[in-house]
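# Descriptive structure summary
Letter by letter, the chains look like this.
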Amino acid sequence: MSRRVYLDYAATAPLLPEVQAAMVSAMKAGYGNASALHSTGHAARCAIEDARAAVAQLINANPEEIIFTSGGSEANNTVAEIFRGKKVAVSAIEHPSVLGSMRARTEECKIIPVNQEGRVDSANVPTDVDLVSVMLASNELGTLEPVAEITERCHKNDIFVHTDATQAIGKIKVDVKSLGVDYLTLSAHKIGGPIGVGVLYVRKGAPYKPLIIGGHQEGKRRAGTSNVLGIVGLGAAATWCWDNWSCKLFAEKVRPLCDDLRTRILETVPHSSCNSPMEGCLPNILNMSFRAAEGESIQLYLDAENIMVSTGSACAAGDIKPSHVLMATTGDAEVAHSSIRFSLGIETTQEDIDRVIQVLPGLVQRLQGISTIKIKEEHD
Amino acid sequence: MTEPAPWVYSDTVKEHFLNPRNFLMGDESKYPHDAEGVVGNPVCGDQMKMFIQVQNDQIVDVKWKTYGCASAIASTSALSELVKGKTLDDALQVGPQEITDYLGGLPQHKFHCSVLGHEALAAAIENYRKKE
Ligand code: FES
């Protein structure tokens, strides 16, 4: 079997060795319940506060503004709970945990349209709502959203702003002060931390209401015995990003690989097109479509070659509908069904990219050859 | 990772997906056939087309094309093997359940993929009978 090529970092990034080490020593330390006053409880509490400080440092927040949650989805649901019964507006390409929870809890959830690149125009942001939620970067396309600009407009109209920074964190600079947002979501497992822990940043003074009630943890803002191991892991991942200038690594090391992948796919794979923007995109996400070839089939033929990617095709995840993001940007179901997302990480190498280019053109051409969709006539 | 993760689908599905039988590569007009049938729609993410050669009420050869997922490819490949040589009536009896059983099962949300092949074949047979 050929070497494993993992290009699904946007789904989850492998645990960093430093994170693993921090978690193992936390496990060995045998921490007690962080709420207990005795010394093992106190030790746990200290570990949690260290992690809080590390996350706060990474996003330029104050430690009191950091609330640990079970992940990005819980953080997003919490924001929806805060605005229960109110009016909100969210972008068309938000993660389902934003779209779904806002629709379920608010009085009205308006959808802000995006352009072909998946970008919100701040002029289209409604001014008659209580909260606006626009992600910092799209998980499917990598498109960066003008969140600072949106916040500036919204604050003039006394509208609160939430941004889901789950994909952006660690890849580009995320600074809550310069973004000006009131709420921000992030998740550990996208930056080499463990699955099952995340953060909701709540600006001091912004309205708050807990989603989970029944304990004084997290300053009465999130009940439940603290997930010490997970939080320690998240703290270690945040520290790693800070110490290693991860944004610089992504800009200097990962972006060239991602650009190379795009250029060579466009050169070597017939009828391929790029769904990610050329400018204003995360350094590590590339979404491509391959005319007449179905996404899940491409994904699984790549998997058989030990290359892991993801697809926006409905056929893949057991969904009935294709990616709502590609439907919002292209309005073309076929483009969505034929899409593949490559997402790179700090461990990605030139050999990984070369390997993709070795196998992808052939297998896409084969699928195009047996496809019921004819492409010849439609070409130019 | 110390051990390779098992594949999402059964070994038979995998085998047929990786080595599909009787697919029609390229221009379909180059393949002489007595009838064809098509079902599905690219907008829904899947489309299936079946081509049959018939002699004395018997399917002597069958080929297919698809814009569909791995399960669609595997189940149609399996179906094409199952019906070759059968009479038209017998071929119609090979339903989605038989195909999925043959494949060692498909996840529930993938059942419709096996329906596609069956329906495309049924459409081809119907078209053939109309012509007769
Ligand atoms: S053909 Fe649609 S999921 Fe298989």
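Residues numbered from 1 in each chain as written. Chains lettered and ligands numbered in written order. Predicted model: local features only at pLDDT ≥ 70, side-chain atom pairs only at ≥ 80, totals over all residues. Heavy atoms only, no water.

### Quick look at the overall build of chain B
A count of helices and strands for chain B gives five helices and three strands. Start at the N end of chain B and walk to the C end: the helices and strands fall as α-β-β-β-α-α-α-α. The C-alpha radius of gyration computed for chain B amounts to 15 Å, which stays within 12% of the reference 14 Å derived for 132 residues, consistent with globular compactness. Across chain B, the fraction of contacts at a sequence separation of at least 24, relative to all contacts at a separation of at least 6, is 59%. With 12 positive and 18 negative side-chain charges, chain B shows a spacing of 5 Å between the two charge centroids. (Helix = DSSP H or I, 4+ residues; strand = E, 2+ residues; numbered from the N terminus. Rg over C-alpha atoms; globule rule 2.2 N^0.38 Å. Contact = heavy atoms within 4.5 Å. Lys, Arg positive; Asp, Glu negative; His and termini not counted. Charge placed at Lys NZ, Arg CZ, Asp CG, Glu CD.)

### Description of the overall build of chain A
The number of helices and strands found in chain A is 14 helices and 13 strands. For chain A, the spread of C-alpha atoms along the principal axes amounts to about 70 × 50 × 35 Å. Accessible surface for chain A amounts to roughly 15,000 Å². Of this, 53% is attributable to carbon and sulfur atoms. The distance from the centre of the 36 positive side-chain charges to the centre of the 44 negative ones in chain A is 5 Å. (Areas by Shrake-Rupley, 256 points an atom, 1.4 Å probe, with all protein chains shown as cover.)

### Topic: the sheet that holds strand S5 (residues 131-133) of chain A
Residues and elements named next belong to chain A. One open sheet accounts for seven strands, arranged S2-S8-S7-S6-S5-S3-S4; its pairing is mixed. The open sheet has two edge strands, strand S2 (66-69) and strand S4 (108-112), and neither has a second partner. Neighbour to neighbour, the strand axes of the sheet diverge by 20° on average, direction disregarded. Note: strand S3 (residues 87-91) against S5, three bridges, orientation parallel. The partner of Ala89 across the bridge, within S5, is Val132. Sitting on the sheet, helix H2 (residues 39-59) touches S2, strand S7 (183-187) and strand S8 (198-202), and the angle it makes with S2 is about 115°. (Pairing = 2+ DSSP bridges. Axes fitted to C-alpha atoms, helices over the stretch in contact; angles between N-to-C directions.)

### A few points about the domain arrangement of chain A
Interface size is often expressed as the accessible area that is lost when the parts come together. Residue and element names in this part refer to chain A. Per the domain assignment, the segments of chain A are domain 1 (5-13 + 245-375) and domain 2 (17-243). Between the C-alpha centres of domain 1 and domain 2 the distance comes to 28 Å. Taken together, the contact pairs 29 residues of domain 1 with 33 residues of domain 2. Summing the contributions of domain 1 and of domain 2, the shared interface buries around 2,400 Å²; its carbon and sulfur component is 56%. The tally of links from domain 1 across to domain 2 stands at zero salt bridges. Taken together, the links from domain 1 to domain 2 amount to 19 residue pairs in polar contact (both at pLDDT 80 or more). Contributing elements (two or more residues each) for the side of domain 1 that touches domain 2: helix H9 (246-268), strand S10 (285-290) and helix H12 (324-330). Among the elements that make up the side of domain 1 that touches domain 2, the one with the highest residue count is H12 (five residues). (Domains from an automatic or database assignment. Buried area = accessible area lost by both parts, 1.4 Å probe. Salt bridge = Lys/Arg side-chain N within 4 Å of Asp/Glu carboxyl O. Polar contact = N/O pair within 3.5 Å; in protein donor to acceptor, adjacent residues only side chain to side chain.)

### Description of the pairing of strand S3 (residues 58-67) of chain B
Residue and element names in this part refer to chain B. Counting buried positions along S3 gives eight out of 10 residues, so the element sits mostly inside the fold. One ladder, built from nine bridges, connects strand S2 (residues 46-55) with S3; its direction is antiparallel. Paired with Lys49 across the two strands is Lys65, which belongs to S3. Two successive antiparallel strands, S2 and S3, enclose a turn made up of two residues, where Asn56 displays a positive phi of approximately 45°. (Buried < 20%, exposed > 50% of the residue type's maximum accessible area, 1.4 Å probe, protein only.)

### Thoughts on the environment of His189 of chain A
Residues and elements named next belong to chain A. Residue placement: His189 occurs in the loop between S7 and S8. The exposure class of His189 is buried, given its relative accessible area of 15%. With near-sequence residues (within four places) excluded, His189 lies in contact with Ala11, Thr12, Ala13, Pro194 and Ile195. A distance of 3.5 Å separates the side chain of His189 from the backbone oxygen of Ala11, its partner in a polar contact.

### Here's the deal with the interface of chain B and chain A
On the chain A side, the residues contacting the 31 residues of chain B number 26 residues. Between chain B and chain A, a total of about 2,200 Å² is buried, with carbon and sulfur atoms accounting for 61% of that surface. The largest per-residue losses of area from chain B upon contact with chain A belong to Phe17, Met25 and Tyr67 of chain B, which jointly make up 25% of the total buried on that side. At the junction of chain B with chain A, the criterion picks out one salt bridge. Lys110 of chain B is paired through a salt bridge with Glu296 of chain A; the nearest N and O atoms lie 3.2 Å apart.

### Notes on the pairing of S4 of chain A
All names here are of chain A. Note that S3 and S4 share five bridges and pair parallel. Counted as the bridge partner of Ala89 is Lys110 from S4. Taken together, S3, helix H4 (residues 96-105) and S4 form a β-α-β motif whose crossover is right-handed. (Right-handed = clockwise from strand over helix to strand, strands pointing away.)

### Notes on unusual backbone geometry
Residues and elements named next belong to chain A. Phi at Asn60 is positive, roughly 60°, even though this residue is not glycine. Relative to the helices and strands, Asn60 is located in the loop between H2 and S2. Residue class for Asn60 comes out partly exposed when judged on its relative accessible area of 34%.

### Notes on the side chain of His16 of chain B
Among the structural elements, His16 of chain B can be located in helix H1 (residues 11-18). Contact partners of His16 of chain B, with chain neighbours within four places excluded, come to Arg21, Ile73, Ala74, Ser77, Ala78, Glu81, Tyr102 and Leu103 of chain B.

### Concerning the state of the cysteines
Using the criterion set out here, one finds zero disulfides over all chains in the structure. The cysteine Cys109 of chain A is free of any disulfide, with Cys154 of chain A supplying the nearest cysteine sulfur at 14 Å. (Disulfide = S-S within 2.5 Å.)

### Considerations on the side chain of Arg355 of chain A
Residues and elements named next belong to chain A. By secondary structure assignment, the location of Arg355 is in helix H14 (residues 350-369). Its relative accessible area of 16% is what places Arg355 among the buried residues. Here the side chain of Arg355 touches Ser2 through a polar contact of 3.3 Å, side chain to side chain. Arg355 has contacts with Ser2, Val5, Glu305 and Ile307, leaving out every residue within four places of it along the chain.

### With respect to the packing of helix H2 (residues 70-83) of chain B against helix H5 (residues 111-131) of chain B
Each pair of packed helices gets described by two things: the angle between the helix axes and the distance between those axes. All names here are of chain B. The N-to-C vectors of H2 and H5 enclose an angle of 45°; their axes lie 8 Å apart at closest approach. Judged on the interaxial angle alone, H5 and H2 are oblique. For the pair H2 and H5, the sense of crossing is right-handed. Between H2 and H5, the contacting residues are Ser71, Ala72, Ser75, Thr76, Leu79 and Val83 on the first element and Cys113, Ser114, Leu116, Gly117, His118 and Leu121 on the second. A breakdown of the residues in the contact of H2 with H5 according to their chemical character gives six nonpolar, six polar and no charged. (Parallel < 35°, antiparallel > 145°, perpendicular 65-115°, else oblique. Left-handed = near helix turned anticlockwise from the far one by under 90°. Nonpolar A, V, L, I, M, F, W, Y, C, P; charged D, E, K, R; others polar.)

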